[in-house]
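Listed here are the chains, written in short residue letters.
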Amino acid sequence: MRRILLLVSGLLILISGCMQTPVELELPTPTARSTYTLMPTLTVMPTYTLQPTLTIPVYPTATTRPTFAINGSEKQPDSSAPVYMTVTPFAEPTKLIPVSMEQEFPCGKWLGITVTYMIPKLQGTLTEHFPVGKFLLMRVRLRGLQEDSNVKLLDRSFTLLGSLYGRNIRISLDRPNSDYANSRWETPKLDTPIGFNGYETFIVFDVNPLMTNYELLFEPVTAEQTDPICSLSLPLPIAYY
């Protein structure tokens with residue numbers, strides 16, 4: 001019975017405690033958070049390439065301009081005055097009068113030469129043969145003027161003269177193509193002895209087609225006679241192809 005009383009009294013005390021005015025709890029005042037500041041956008045700087053070192057050339061020191069004495073005083077020439085350069089053009093050669101075709105010209109008392117058969121002509125090929133410039137193809141008649149003349153001429157007996165840009169040009173005989181031309185037309189080659197009756201043969205030169213004033217220089221040379229027997233210059237008529 002006593003236990004029951006103690007239990008009832010405990011309950012009453014608990015109930016009376018619950019019915020008391022509730023205690024107000026004070027919550028702490030919230031602290032304002034810091035404002036978020038946007039970070040600046042990062043701009044990537046361009047990469048710089050080092051330029052090569054500039055080497056300044058060393059120029060020679062200018063020569064001091066000459067002074068001129070005028071009335072006892074020295075005066076420097078005006079550097080601002082224009083400087084004129086005189087250019088002399090190439091002189092045009094005097095045109096030659098060509099020799100006549102089929103006319104024999106004596107060279108000394110031993111040999112005669114004739115430009116025969118055709119006008120000497122410039123052409124770009126001899127069949128499969130091609131020149132550096134153009135071929136000058138001509139045919140000449142060679143004849144001994146003495147009954148006992150019987151000579152073989154060397155290549156340097158024939159030289160072609162001409163003018164190119166105001167300068168005198170000498171062109172040696174093109175022996176291989178001369179022999180080819182004679183083989184093609186079945187005419188004697190230069191190593192054929194020249195007798196009293198003579199013969200006709202082709203001679204070929206590899207020339208610059210811009211040349212003018214063509215002349216055939218005939219200076220007969222043999223294996224026995226190393227000095228020219230005579231000298232003869234024939235201005236040539238030219239046919240262009």
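Relevant structure appears above.
The model shown is predicted, which means the values in this text are computed figures rather than measured ones.

Novice: Would you take a moment to explain the pattern of salt bridges for this structure?
Specialist: Should the charged atoms of two oppositely charged side chains come close, the side chains can pair. Within the structure shown, the criterion is met by 6 salt bridges. Across the pair Arg-141 and Glu-200 runs a salt bridge, and its minimum N-O distance is 3.0 Å. In this pair, Arg-141 sits in strand S6 (residues 134-144) while Glu-200 sits in strand S9 (residues 199-207), placing the two residues 59 residues apart along the sequence. Since its relative accessible area comes to 25%, Arg-141 is described here as partly exposed. Between Arg-175 and Asp-179 there is a salt bridge, with its nearest N and O atoms 2.9 Å apart. Here the residue Arg-175 and the residue Asp-179 both occupy positions in helix H2 (residues 175-184), the gap between them amounting to 4 residues, near one helical turn. Residue class for Arg-175 comes out buried when judged on its relative accessible area of 18%. Residues joined by salt bridges that share partners form a network here, namely Glu-102, Arg-139, Arg-141 and Glu-200.

Novice: Teacher, can you tell me more about the packing of aromatic side chains here?
Specialist: What characterises a pair of aromatic rings is the spacing of the ring centres plus the angle enclosed by the ring planes. Tallied over the entire structure, the rule returns 3 aromatic pairs. Between Tyr-117 and Phe-202 the ring centres are 6.2 Å apart and the planes differ by 90°, which places this aromatic pair in the edge-to-face class. Placement of the pair is Tyr-117 in the loop between strand S4 (111-115) and strand S5 (121-123) and Phe-202 in strand S9, with a sequence separation of 85 residues. You can call Phe-202 buried: its relative accessible area is 1%.

Novice: It is not clear to me how unusual backbone geometry should be interpreted in this structure. Could you clarify?
Specialist: Backbone geometry follows two general trends: most residues other than glycine have a negative phi, and most peptide bonds adopt the trans configuration. Backbone geometry at Thr-127 places phi at a positive 60°, although glycine is not the residue there. Note on placement: Thr-127 falls in the loop between S5 and S6. Judged by relative accessible area, Thr-127 falls into the partly exposed class, the value being 42%. Of note, the phi angle at Tyr-165 is positive, near 55°, even though the residue is not glycine. Along the chain, Tyr-165 turns up in the loop between strand S7 (158-164) and strand S8 (167-172).

Novice: Please clarify how H2 should be interpreted in this entry.
Specialist: Burial analysis of H2 places 7 of its 10 residues in the buried class, which makes it a mostly covered element. Looking at H2, one finds that the buried residues are Arg-175, Asn-177, Ser-178, Asp-179, Tyr-180, Ala-181 and Asn-182. Contact partners of the buried residues in H2: S6 and S9. Directly beyond the C-terminal end of H2, a positive phi value near 55° is found at Glu-186.

Novice: How do you make sense of the nonpolar core when you look at a structure like this?
Specialist: Among soluble globular proteins, nonpolar side chains are generally buried collectively. By size, the foremost hydrophobic cluster in this structure holds 32 residues, and its most contacted members are Phe-158, Phe-205 and Leu-216. Listing elements by their share of this core, those giving two or more residues are strand S3 (104-107), S4, S6, S7, S9, strand S10 (212-218) and strand S11 (232-235). The residues touching Phe-158, leaving out its near neighbours within four places in the chain, are Ile-113, Leu-142, Leu-153, Leu-173, Leu-190, Ile-203, Phe-205, Leu-216, Leu-217 and Phe-218. Core analysis: the next-biggest nonpolar cluster, separate from the first, contains 8 residues, Phe-135, Tyr-180, Phe-202 and Val-204 among them.

Novice: What am I meant to see in the environment of Thr-159 here?
Specialist: If you trace the backbone, Thr-159 turns up in strand S7. Along the sequence, Thr-159 and Glu-215 sit 56 residues apart, while their C-alpha atoms lie 8.4 Å from each other. Here Thr-159 is in contact with Arg-170, Ile-171, Phe-205, Glu-215, Leu-216 and Leu-217, once residues within four sequence places are set aside.

The rules behind these values
Residues numbered from 1 in each chain as written. Predicted model: local features only at pLDDT ≥ 70, side-chain atom pairs only at ≥ 80, totals over all residues. Heavy atoms only, no water. Salt bridge = Lys/Arg side-chain N within 4 Å of Asp/Glu carboxyl O. Helix = DSSP H or I, 4+ residues; strand = E, 2+ residues; numbered from the N terminus. Buried < 20%, exposed > 50% of the residue type's maximum accessible area, 1.4 Å probe, protein only. Phe/Tyr/Trp six-rings, centres within 6.5 Å; stacked < 30°, edge-to-face > 60°. Contact = heavy atoms within 4.5 Å. Core = buried A, V, L, I, M, F, W, Y, C linked by side-chain atoms within 4.5 Å.

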